[in-house]
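Per-entry structural report
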Amino acid sequence: MIRACIFDLDGVIVDTAHYHFLAWKRLADELGVNFTEHDNERLKGVSRMHSLEILLSLGDISLSKKEKEAMADKKNAWFVDYVDRMAPEEIFPGAKQLIQDLRAKDLKIGLASSSKNAARVIHLLNIEHDFDAVVDGNMIRQSKPDPEIFLLAAEKLGVVPKQCLVFEDAEAGVEAALAAGMKCVGVGMEEQLRKADKVISKIGEFKLSFLRELEVV
Ligand code: G6P
Ligand code: MG
């Protein structure tokens with residue numbers, strides 16, 4: 001029986017995944033690394049430093065720890081700048097309604113984002129009170145695909161993993177949810193998310209009737 005829904009943030013509730021891409025692309029251009037949206041799929045859901053490592057490996061670049069920290073800080077400053085100019089209308093259509101509908105069905109609602117900026121984003125969007133528990137990149141040791149973030153979210157929500165349904169746009173996130181023993185809805189392209197129990201292309205496409213289908217998967 002599903003008792004809780006846990007949402008990823010970037011690319012599921014709001015289009016900040018695009019801002020992460022723009023900021024990484026800007027850094028890649030500066031470093032002379034060829035970086036495409038396809039490459040960016042590998043960065044989704046993983047931590048800032050791990051993302052930078054992937055980007056550097058694409059360009060066969062090696063940097064000292066200090067240089068890496070400076071690059072990660074630079075990317076983050078650009079990302080924060082995009083985010084600070086974001087409007088509440090940038091929440092994906094249907095996301096807020098879905099959260100309300102799930103809550104009306106007595107389901108607990110959690111947020112599990114590897115981003116250290118998650119609290120800032122949900123505050124700016126004025127949705128921080130829509131969640132019964134929030135776990136972000138500051139609270140975990142291992143980012144997705146490790147299940148840690150989802151296990152912690154379940155614990156905070158007072159449910160066991162098999163009672164949770166996760167909404168994820170990243171391949172690493174789908175893997176993390178399944179490794180946690182949870183059901184998972186992939187939000188995005190089938191080719192990247194095929195491991196999920198169900199794939200929808202946008203969050204607004206999720207119907208409450210899918211809950212019953214997913215319970216018997
Ligand atoms: C999320 C995004 C990733 C991002 C990571 C860290 O998981 O999907 O693209 O790299 O968070 O975000 P941060 O805001 O801490 O740099
Ligand atoms: Mg995401």
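Look up: the structure comes first, before these words.
What counts and how
Residues numbered from 1 in each chain as written. Chains lettered and ligands numbered in written order. Predicted model: local features only at pLDDT ≥ 70, side-chain atom pairs only at ≥ 80, totals over all residues. Heavy atoms only, no water. Salt bridge = Lys/Arg side-chain N within 4 Å of Asp/Glu carboxyl O. Disulfide = S-S within 2.5 Å. Near = heavy atom within 4 Å. Polar contact = N/O pair within 3.5 Å; in protein donor to acceptor, adjacent residues only side chain to side chain. Areas by Shrake-Rupley, 256 points an atom, 1.4 Å probe, with all protein chains shown as cover. Nonpolar A, V, L, I, M, F, W, Y, C, P; charged D, E, K, R; others polar. Donors = N, O, S within 2.8 Å, 3.2 Å for Na, K, Ca; no water. Helix = DSSP H or I, 4+ residues; strand = E, 2+ residues; numbered from the N terminus. Buried < 20%, exposed > 50% of the residue type's maximum accessible area, 1.4 Å probe, protein only.

On to the pattern of salt bridges, then. For the structure on display, the rule yields 14 salt bridges. Residues joined in a network through salt bridges with shared partners are Asp8, Lys144 and Glu168.

Another point: the state of the cysteines. Evaluated as defined, the whole model comprises zero disulfides. Left without a disulfide partner, cysteine 164 is nearest to the cysteine sulfur of cysteine 5, which lies 8.5 Å away. Just so you know, cysteine 184 is unpaired, no disulfide at all, and the nearest cysteine sulfur is the one on cysteine 5, 11 Å from it.

Surrounding ligand 1, one finds Asp10, His20, Leu43, Lys44, Gly45, Val46, Arg48, Ser51, Ser114, Ser115, Lys116 and Asn117. Between ligand 1 and the protein, one listed contact pairs an oxygen atom with a side-chain N or O atom of arginine 48 at 2.7 Å. When the free accessible area of ligand 1 is taken as 390 Å², the share hidden by the protein chains comes to 97%. Of the residues assigned to the shell around ligand 1, the class counts are two nonpolar, six polar and four charged.

Surrounding the magnesium ion (ligand 2) are the protein donor atoms Asp8 (OD), Asp10 (O) and Asp169 (OD), at 2.0 to 2.1 Å. Ordering the donors of the magnesium ion (ligand 2) by residue number gives the pattern D-x1-D-x158-D. With aspartate 10 in the loop between β1 (4-7) and α1 (16-31) and aspartate 169 in the loop between β4 (164-168) and α8 (171-179), this residue pair connects regions lying 159 residues apart in the sequence. Residue class for aspartate 169 comes out buried when judged on its relative accessible area of 7%.

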